Amino acid sequence: MRNTGSQEVLTPETVGPALLEDVRDVEVIDVHTHLLPPSHGKLMLWGIDELLTYHYLVSEYFMVAPAEITHELFFAKTKLEQSDLVWQGLFVERSPISEACQGVITTLQRLGLERQVADRDLRGIRAWFAQQSLDEHVENIFRLAKVRYAVMTNIPYVEEEAQHWQPEAKPVTSRLRKALRIDNFLKGDWASICEALKKEGLDETMDGAKEYLRKWAGIYKPEYMMASTPHDWRYPEPAAAASMKPLVKAYAGFGASELLEEAVVPVCEELSLPIALKLGAWRGMSPDLDPCCGGDGVASADVASLQALCAKFPKVKFLVTVLSRANQHELTVVCQKTRNLHLYGCWWYCNNPSIIEELTKMRTEMLGTAYTAQHSDCRVLEQLLYKWDHSRQIIGEALVPYYQRLLRKGWRLTREELRRDLQLLLGGSYEAFMAR
Ligand code: RAT
Ligand code: ZN
């Protein structure tokens, strides 16, 4: 009888099917999402109308929308009307073959809504979602997606969000962990930092900024501080910003490098918090799409700046992902050489099957299992289903040849060891890096 237990010794023939089965089963950690708990009311996005108005789909819809549907007209409509238009344009009038469209179909299939999908029955789909009880539904989705926990993105200077944390923090399911997002610091946006300080009754000084970070770290108890940097982010900042005339400087306040060095890094050192960076988003490239968060593009980032930052602060741990495919190889090399840096996920425009496959292969070749192969970046709860289903399949298929090659050389590998490796790639290496 074939031994299918954890001590089963795999062969070049059996490793492929075993890997594809195990990669579907492994419980993952989702290190970056935009999910929020049910206690945060309308900020927690879920259901078919949120799925259909995901910014990837709205952007795609505008490529085929009738000319008379202007951006203004579309965004003035209700969520339901917007979702009707996207459904009609992308799912009824043509086949939904893009990754974002396929994602909706995978999600509905996983929820057992095949018949409604086959009939293009959007009403029926809506009716199914309307029957769900929210807390149970959240748990059900995490269980079906086999996600142990996901890290949220918590932005303290967005009032709508902050009100759920103070004066009293609302309950958060143990499936969600926190991350303190501080884009305005990495942007060097002193004016918006001052606004936030004012609201909190803190001094508009570097000490005030540090106190602000400490305060919100105390409220969230985050996994890490995080920021997506401007597309032209440089560290250290070009001399021009540093050598501003004193008066101009007093008005402009502190620059991004100063804020990093004098506020973010010291507080992270003090609290032993890693800094997660996302490099290469070109914000507001297409402002017409900003209302749905779809206006951003991609730009090649300066990976040397990241390397300089990690080298300058060896006691701080950094996590990183980049948006541009063009940066990926360079970044992988930097990650291999930099002990305080951990690579995670195929971000946003890289979260497509062809690119996930390519990145997984390249990263495995250079980093072995010492990276985190994926994060979902979900904004809508049920997206956990498709983002993880799709990624598991592609990552699994990308890895098979590496194991086959190894086993052909006579390497002895048990099923348990294979599962261990998959766990490392889908959350274990992240936890090990964080705990180190
Ligand atoms: O993927 C997204 O939804 C983007 O709009 C961004 O939010 C990005 O993931 C980010 O975290 O900045
Ligand atoms: Zn994100």
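Residues numbered from 1 in each chain as written. Chains lettered and ligands numbered in written order. Predicted model: local features only at pLDDT ≥ 70, side-chain atom pairs only at ≥ 80, totals over all residues. Heavy atoms only, no water.

Examining the overall build of the protein chain
And step 1. Broken down by element type, the protein chain carries 21 helices and ten strands.
And step 2. Compactness check: the protein chain gives a C-alpha radius of gyration of 23 Å against a globular reference of 22 Å for 436 residues, within 12% of the reference.
And step 3. The principal-axis extents of the C-alpha atoms in the protein chain amount to approximately 80 × 60 × 40 Å.
And step 4. Long-range pairs, those at least 24 residues apart, make up 78% of the contacts in the protein chain with a sequence separation of at least 6.
And step 5. Looking at the protein chain as shown, the accessible area adds up to about 19300 Å², and 53% of this sits on carbon and sulfur atoms.
And step 6. Taking the average place of the 50 positive charges on the side chains of the protein chain and the average place of its 58 negative ones, the gap between the two points comes to 5 Å. (Helix = DSSP H or I, 4+ residues; strand = E, 2+ residues; numbered from the N terminus. Rg over C-alpha atoms; globule rule 2.2 N^0.38 Å. Contact = heavy atoms within 4.5 Å. Areas by Shrake-Rupley, 256 points an atom, 1.4 Å probe, with all protein chains shown as cover. Lys, Arg positive; Asp, Glu negative; His and termini not counted. Charge placed at Lys NZ, Arg CZ, Asp CG, Glu CD.)

Side note on the site of ligand 1
And step 1. As a structural note, the neighbourhood of ligand 1 is formed by His32, His34, His55, Tyr56, Arg181, Arg283, Trp347, Trp348, Asp377 and Arg379.
And step 2. His32 is positioned such that a nitrogen or oxygen atom in its side chain is 3.2 Å from an oxygen atom of ligand 1.
And step 3. Surface burial for ligand 1 is 98%, taken as the share of its 310 Å² of free accessible area covered by protein chains.
And step 4. Residue composition of the shell around ligand 1, grouped by class: three nonpolar, three polar and four charged. (Near = heavy atom within 4 Å. Polar contact = N/O pair within 3.5 Å; in protein donor to acceptor, adjacent residues only side chain to side chain. Nonpolar A, V, L, I, M, F, W, Y, C, P; charged D, E, K, R; others polar.)

Some remarks on the coordination of the zinc ion (ligand 2)
And step 1. All of the protein donors around the zinc ion (ligand 2) are His32 (NE2), His34 (NE2) and Asp377 (OD); their distances to the metal are 2.0 to 2.1 Å.
And step 2. When the donor residues of the zinc ion (ligand 2) are listed from N- to C-terminus, their spacing reads H-x1-H-x342-D. Placement of the pair is His32 in the loop between β1 (28-30) and α2 (48-52) and Asp377 in the loop between α19 (353-367) and α20 (383-408), with a sequence separation of 345 residues. By the burial criterion, His32 is buried, and Asp377 matches it. (Donors = N, O, S within 2.8 Å, 3.2 Å for Na, K, Ca; no water. Buried < 20%, exposed > 50% of the residue type's maximum accessible area, 1.4 Å probe, protein only.)

A look at unusual backbone geometry
And step 1. The omega torsion across Gln166 and Pro167 is 5°, close enough to zero to call that bond cis.
And step 2. Structurally, Pro167 can be placed in the loop between α10 (159-162) and β3 (176-177).
And step 3. That bond from Tyr235 to Pro236 is cis: its omega, -10°, falls within 30 degrees of zero.
And step 4. Considering the arrangement of structural elements, one finds Pro236 in the loop between β5 (225-228) and α14 (239-242).
And step 5. A positive phi angle, near 55°, is found at Lys146, a position not held by glycine.
And step 6. Structurally, the position occupied by Lys146 is in the loop between α9 (134-145) and β2 (147-151).
And step 7. Residue Cys293 is not a glycine yet carries a positive backbone phi of 70°.

Some words on the nonpolar core
Looking at soluble globular proteins, one finds that nonpolar side chains tend to be buried together.
And step 1. Core analysis: the biggest nonpolar cluster contains 126 residues, and Phe185 and Leu384 have the highest contact counts within it.
And step 2. Residue contributions to this core peak at ten residues, all from α20.
And step 3. The residues contacting Phe185, other than those within four sequence positions of it, are Ile193, Ala209, Tyr212, Leu213, Ala256, Leu259, Ala263 and Val264.
And step 4. By size, the runner-up hydrophobic cluster in this structure holds twelve residues, among which are Ala179, Tyr224, Leu319 and Tyr344. (Core = buried A, V, L, I, M, F, W, Y, C linked by side-chain atoms within 4.5 Å.)

Some points on the sheet that holds β1
And step 1. Pairing in this open sheet of three strands is parallel, and the strands run β1-β2-β3 from one edge to the other. Here the strands that pair on one side only, and so sit at the sheet edges, are β1 and β3.
And step 2. Summarising the sheet, β1 and β2 pair through three bridges and their orientation is parallel. Along β2, the bridge assignment pairs Val28 with Val147.
And step 3. Packing of helix α21 (residues 415-435) onto the sheet brings it into contact with β1 and β2, and relative to β1 it is tilted by some 65°. (Pairing = 2+ DSSP bridges. Axes fitted to C-alpha atoms, helices over the stretch in contact; angles between N-to-C directions.)

Re the side chain of Gln82
And step 1. With respect to the helices, strands and loops of the structure, Gln82 is situated in helix α5 (residues 79-92).
And step 2. Residues in contact with Gln82, not counting those within four places in the same chain, are Thr53, Phe74, Phe75 and Lys77.

Any link to function would need more than the numbers given here.
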